Amino acid sequence: DPQQLELATSGKRKLRRFIVIDEVVDELYGSKVREYFEENNVQHKILALPTTEETKSMDLVLNILQEVQNFSIDRRTEPIIAIGGGVCLDIVGLAASLYRRRTPYIRVPTTLLSYVDASVGAKNGVNFLQCKNKLGGYTPPVASFLDRSFIQSIPRRHISNGLGEILKMALMKHKGLFDLLKRHGKYLLDTKFQSYSGSADHGDAALQTTRIAIETMLEELAPNLWEDDLDRLVDFGHLISPELEMRVLPSLMHGEAVNIDMAFMTYVAHTRGLITAEEKEQIIQCMRGLELPVWHGGCSWSLIKRALMERLKHSGGQPRMPLPTGLGVAEIFNDTSEETLERAYKLWVRD
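How each quantity is defined
- Residues numbered from 1 in each chain as written.
- Predicted model: local features only at pLDDT ≥ 70, side-chain atom pairs only at ≥ 80, totals over all residues.
- Heavy atoms only, no water.
- Helix = DSSP H or I, 4+ residues; strand = E, 2+ residues; numbered from the N terminus.
- Rg over C-alpha atoms; globule rule 2.2 N^0.38 Å.
- Buried < 20%, exposed > 50% of the residue type's maximum accessible area, 1.4 Å probe, protein only.
- Contact = heavy atoms within 4.5 Å.
- UniProt positions renumbered as here; feature names shortened; annotations may be inferred.
- Expected span 1.5 Å × (residues − 1).
- Arc of directions from axis to C-beta.
- Pairing = 2+ DSSP bridges.
- Core = buried A, V, L, I, M, F, W, Y, C linked by side-chain atoms within 4.5 Å.
- Domains from an automatic or database assignment.
- Phe/Tyr/Trp six-rings, centres within 6.5 Å; stacked < 30°, edge-to-face > 60°.
- Axes fitted to C-alpha atoms, helices over the stretch in contact; angles between N-to-C directions.
- Parallel < 35°, antiparallel > 145°, perpendicular 65-115°, else oblique.
- Left-handed = near helix turned anticlockwise from the far one by under 90°.
- Nonpolar A, V, L, I, M, F, W, Y, C, P; charged D, E, K, R; others polar.
- Salt bridge = Lys/Arg side-chain N within 4 Å of Asp/Glu carboxyl O.

**Regarding the overall build of the chain**
From N to C terminus, the chain includes 13 helices and nine strands. Its C-alpha radius of gyration of 21 Å places the chain within 12% of the 20 Å reference for a compact globule of 351 residues. Dimensions along the principal axes, computed over C-alpha positions, put the chain at roughly 70 × 50 × 35 Å. Looking at the 351 residues of the chain, the share that counts as buried comes to 54%. Here the contacts in the chain between residues at least 6 apart in sequence split such that 75% fall between residues at least 24 apart.

**Remarks on the UniProt feature "domain: 3-dehydroquinate synthase N-terminal" (unreviewed entry) in the chain**
Those residues carrying the UniProt feature "domain: 3-dehydroquinate synthase N-terminal" (unreviewed entry) are residues 48–160 in this numbering. Along residues 48–160 one finds 35% helix and 25% strand; the C-alpha atoms at either end are 26 Å apart.

**Details of helix α13 (residues 338–350)**
Between its terminal C-alpha atoms α13 stretches 18 Å, which fits the 18 Å expected from 13 residues at 1.5 Å a residue. By the burial criterion, the buried members of α13 are T340, L341, A344, Y345 and W348. The buried side chains of α13 occupy one side of the element, clustering within an arc of 135° when seen end-on. For α13, the exposed residues set more than 90 degrees away from the buried face come down to E339, K346 and R350. Along its buried surface, α13 packs onto α10 (254–271), α12 (301–314) and β8 (321–324).

**Describing the pairing of β8**
Burial of β8 is two-sided: the residues M321 and L323 facing one way and the residues P322 and P324 facing the other way are all buried. Pairing analysis gives four bridges linking β8 to strand β9 (residues 330–333), with the strands arranged antiparallel. Across the sheet, the residue bridging to P324 is A330, located in β9.

**Side note on the nonpolar core**
Within soluble globular proteins, side chains that are nonpolar generally end up buried alongside one another. Core analysis: the biggest nonpolar cluster contains 70 residues, and L167, F264 and M265 have the highest contact counts within it. With ten residues, the top contributor of residues to this core is α10. When residues of this core are assigned to domains, at least three map to each of domain 1 (14–152) and domain 2 (155–223 + 232–350). The residues contacting L167, other than those within four sequence positions of it, are F178, L181, N259, M262, C286, M287 and L290.

**With respect to the packing of aromatic side chains**
Summed over the entire model, instances satisfying the criterion amount to seven aromatic pairs. Taking the centre distance of 5.7 Å and the plane angle of 35° together, the rings of W301 and Y345 count as tilted. Of this pair, W301 sits in helix α12 while Y345 is found in helix α13, placing the two residues 44 residues apart along the sequence. Each member of the pair W301 and Y345 is classed as buried. Three or more aromatic residues link up through ring pairs in this structure, and these residues are F264, W301, Y345 and W348.

**A closer look at the packing of helix α7 (residues 175–191) against helix α8 (residues 205–221)**
Helix-helix packing: each pair is described by the crossing angle between the helix axes and the interaxial distance. Contact geometry for α7 and α8: axes closest at 10 Å, N-to-C directions at 135°. Put simply, α7 runs oblique to α8. In terms of crossing hand, the pair formed by α7 and α8 is left-handed. The residues of α8 that touch α7, namely those facing L177, L180, L181, H184 and L188, are A205, A206, Q208, T209, I212 and A213. In terms of residue class, the contact of α7 with α8 is made up of eight nonpolar, three polar and no charged.

**Notes on the pattern of salt bridges**
Per the counting criterion, the structure on display carries 28 salt bridges. A salt bridge links R156 to D190, with the nearest nitrogen and oxygen atoms 2.8 Å apart. Of the two residues, R156 is situated in helix α6 (residues 156–173) and D190 in helix α7; the sequence distance between them amounts to 34 residues. Look at the salt bridges and you will find they share partners, linking K123, E227, R232, D235 and R311 into a network.

In structure tokens:
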């Protein structure tokens, strides 16, 4: 809006920003963030919070809103800024969508998982009654600022966790991305997704993998942003994992739980004859190469059945099960029998 831009740059009114930052990120980068706002003469309030799956609640949303109210922002020209991982971006997105019915907000992802997943799309939410993201809405941010330098300070396990969501997009939609992960997975873990000149053998694998993952995610989400169509390839890995993740908190991270779900569904696809034994093995070996878990003791047969019953409630009475039909291609199925699932489960446990 030219008028707003003129107001912001004319110096007639001081710029003001309310920032929510994950407390761990604040310890690492808080001083740089404060310096940035001070140098640009922006009046600001920085709220550092513990944003984890355990604290991802309506209470935290209300805490944020209380602080927003105290700071007092213009709901059209002063976006709330969220700096953190996926949980932080989800909580702040919900808070912004509720404040004065819709206040603009900006996402700044600081983990690999949030960089390729939570930063894309319109969803926000919090956990409720031990159920993952049971409360939430669809309010896209006005912008997502992607900066891979944040990723260099996160632990190796968190990099692996993010690779789970990248692998999801590779298996569903992009054979080239799958090949990149197979070839460069260890290098990406070792270099924490930073781009280095002089690594000719790897090209800019970090830029390529993140760009393709985000582009394929956008391609899938953009025509169906409000999920009017419940047939979604991006739900691969998300049929059993919500139940498993909440059940074993905090032992599994989101991308790890998603990968365990994907590993089981790979066995389902093989049992149905959709992929060959060799393709199944390639997928499982790629997962191992990315240092992702391919099985978990908490993922019992009874949990799988319960999770799939929940899925039916959540997706209009159909399982809508995305399954690979090759490497980088997939379809959605509604006709997988319980016998097939149980047979796949036994093979998976055996292996």
